[in-house]
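Secondary and tertiary structure notes
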Amino acid sequence: MPFENNDDYFKGRGAQINTHNKFLKNKYVTEHIEGLDEILYENTATQIIEAHPKSIVSVSDSPDISFSYSINPYQGCEHGCLYCYARNAHEYLGFSAGLDFERKIVVKKNAAELLEKFLNKSGYKPLPIMLSGNTDCYQPIERKLKITRSLLEVFLKYKHPVSIISKNNLIVRDIDILKELAKLDLVQVNVTITSLNESLRQKLEPRTVTAKTKLMVINKLTSNGIPARVMMGPIIPGLNSDEIPALIKAAADQGALGAIFTLIRLNGAIGEIFSDWIHKAYPDRAEKVLNLIASCHGGKLNDSRWGNRMRGDGKVAESIHQLFKISVNRFLKGRSMPALNLNHFTPAAGKQGKLF
């Protein structure tokens, strides 16, 4: 039954289940509900959990991503995007990749302090740092905590390049800092838009802002001299793949300087979460969509192959790549994102070489 008529559907949440954490020996079962010490399948309030990490910059050597350094001031994300690959990382914290990912948010209030220490390491050579590699650095709790803003203040202080991925209009709050970074070619912004279809957006990513608002973000950024492009991610064959031309045109009309995309992949627990969701949200086409996704990943929903997992292969994937390329050439021809400048980096006077 479509979830509009399903009283058991958790409105405002993406995942509808808590999948088993593969790192835990024991598993919750619900045959005897009276024996559970917490409510598993209820849309409980979001819980904020404060962490005190000793480092904040993650290092990656993955050939599938264009950056080596990233910072995630938050783990877990209240946006509730069904497809988010970061869900699997929540299992390392002892939580589920399902509902827990959306309702148990880990925050790192000392992120700015740790970033300063990182930038002042002896012999450090600047490379662009991504905000965020996993969860959205402008998710709802950022409005109150301002951890991302404090990180941007550090990047500006040290004149260090930063790239941002977000789908939340809260980023416009920080236009004052972003403008100063942009003057020195120290910032790039990627605005994620998954669909122009508001009904689909509400189901896929229930706590994000509308596509219209995201397009407004692109306009506000670019009109203030802040380079921004649209990130169409992920493209899901059978759900939003037909929107590629319209979405890129809409972003171009608002001043976007480029476009990139990822193809959906359902690794780890995300396969179970997504499959459960689509059978509830779109029962009439659930199997077709799942089969199309599998056809892009060697016949499986779970694809861990380097170089293929985010791009896909096969005829369906090839047609998506071709349509995306044609659309970019048609609507964004001649536009490009300015390169980030590494030459302005200025460590704190006298600190490099002394902290460590």
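Rules of the game
- Residues numbered from 1 in each chain as written.
- Predicted model: local features only at pLDDT ≥ 70, side-chain atom pairs only at ≥ 80, totals over all residues.
- Heavy atoms only, no water.
- Pairing = 2+ DSSP bridges.
- Helix = DSSP H or I, 4+ residues; strand = E, 2+ residues; numbered from the N terminus.
- Axes fitted to C-alpha atoms, helices over the stretch in contact; angles between N-to-C directions.
- Contact = heavy atoms within 4.5 Å.
- Core = buried A, V, L, I, M, F, W, Y, C linked by side-chain atoms within 4.5 Å.
- Buried < 20%, exposed > 50% of the residue type's maximum accessible area, 1.4 Å probe, protein only.
- Phe/Tyr/Trp six-rings, centres within 6.5 Å; stacked < 30°, edge-to-face > 60°.
- Lys NZ or Arg CZ within 6 Å of the ring centre and 35° of its normal.
- Nonpolar A, V, L, I, M, F, W, Y, C, P; charged D, E, K, R; others polar.
- pLDDT = per-residue confidence, 0-100.
- Expected span 1.5 Å × (residues − 1).
- Arc of directions from axis to C-beta.

Judged by pairing direction, the sheet is mixed, and its seven strands sit side by side in the order β2-β3-β6-β7-β8-β9-β10 without closing on themselves. Strands at the two margins of the open sheet, each flanked by one partner only, are β2 (57-59) and β10 (259-263). On average, each strand axis in the sheet is inclined to that of its neighbour by 25°, with strand direction left out of account. One ladder, built from five bridges, connects strand β7 (residues 162-166) with strand β8 (residues 187-192); its direction is parallel. Looking across to β8, one finds that S166 is bridged to V191. This element, helix α7 (residues 211-223), spans β8 and β9 (228-235) of the sheet and lies at about 165° to β8.

Reading across from one edge, β1-β5-β4 is the order of the three strands in this open sheet, with mixed pairing throughout. What marks the edges here is a single partner per strand, and that holds for β1 (47-50) and β4 (74-75). With two bridges joining them, β4 and strand β5 (residues 104-107) adopt antiparallel strand pairing. Bridging from a neighbouring strand, Y74 pairs with V107 of β5.

Let's shift gears to the nonpolar core. Grouped together as the largest cluster of nonpolar side chains are 67 residues, with contacts concentrated most on L115, L152, F155 and I164. In this structure, L266, F274, A286 and L290 belong to the second largest nonpolar core, which totals 26 residues.

Bringing the packing of aromatic side chains into the picture now. All chains considered together, the criterion is met by seven aromatic pairs. Taking the centre distance of 4.5 Å and the plane angle of 45° together, the rings of F261 and F324 count as tilted. Of this pair, F261 sits in strand β10 while F324 sits in helix α11 (residues 315-331), and the two are 63 residues apart along the sequence. Under the relative-accessibility criterion, F324 is labelled buried at 8%. Between F274 and W277 the ring centres are 5.3 Å apart and the planes differ by 50°, which places this aromatic pair in the tilted class. In this pair, F274 and W277 both sit in helix α9 (residues 270-281), three residues apart, roughly one turn of the helix. Neither F274 nor W277 differs from the other in exposure class; each is buried. Taken together, the ring pairs in this structure connect Y69, F118, Y124 and F345 into an aromatic cluster. Above the face of the Y85 ring, R265 is positioned so that its terminal group lies 5.2 Å from the ring centre.

In this section: unusual backbone geometry. With an omega dihedral of 0°, the bond running from L131 to S132 counts as a cis peptide bond. One can find S132 in the loop between β6 (129-131) and α3 (142-145). Backbone torsion omega between G233 and P234 reads -10°, so that peptide bond is classified as cis. Despite not being glycine, K146 shows a phi value in the positive range, around 60°. Secondary-structure assignment places K146 in the loop between α3 and α4 (147-158). At D185, a position not held by glycine, the phi torsion is positive, near 55°. Relative to the helices and strands, D185 is located in the loop between α5 (175-183) and β8.

Okay, the packing of α9 against helix α10 (residues 286-295) next. Running from N to C, α9 and α10 cross one another at 145°; their axes reach a closest spacing of 9 Å. Where α9 abuts α10, its residues F274, S275, I278 and H279 lie against A286, E287, V289, L290 and I293. Across the contact of α9 with α10, the residue classes break down as six nonpolar, two polar and one charged.

Attention now moves to the environment of L266. Tracing the sequence through the fold places L266 in the loop between β10 and α9. On a C-alpha basis, the gap between L266 and K300 in space is 9.0 Å, while along the polypeptide they are 34 residues apart.

What follows covers the confidence of the model for the protein. Summarising the model, the protein shows a mean pLDDT of 87, and 84% of its residues fall at 70 or more. Every residue in residues 1-5 scores below 50 in pLDDT, and together they form eleven contacts with partners more than four places removed in sequence or on other chains.

Spanning 17 residues, α11 covers 24 Å between terminal C-alpha atoms, matching the ideal 24 Å at 1.5 Å per step. Turning to α11, its buried residues are A317, I320, H321, F324, S327 and F331. Viewed along the axis of α11, the buried residues span an arc of 130°, placing them on a single side of the element. Projecting away from the buried face of α11 at angles above 90 degrees are the exposed residues K315, E318, K325 and R330. On the buried face of α11, the contacting elements are β9, α8 (244-253) and β10.

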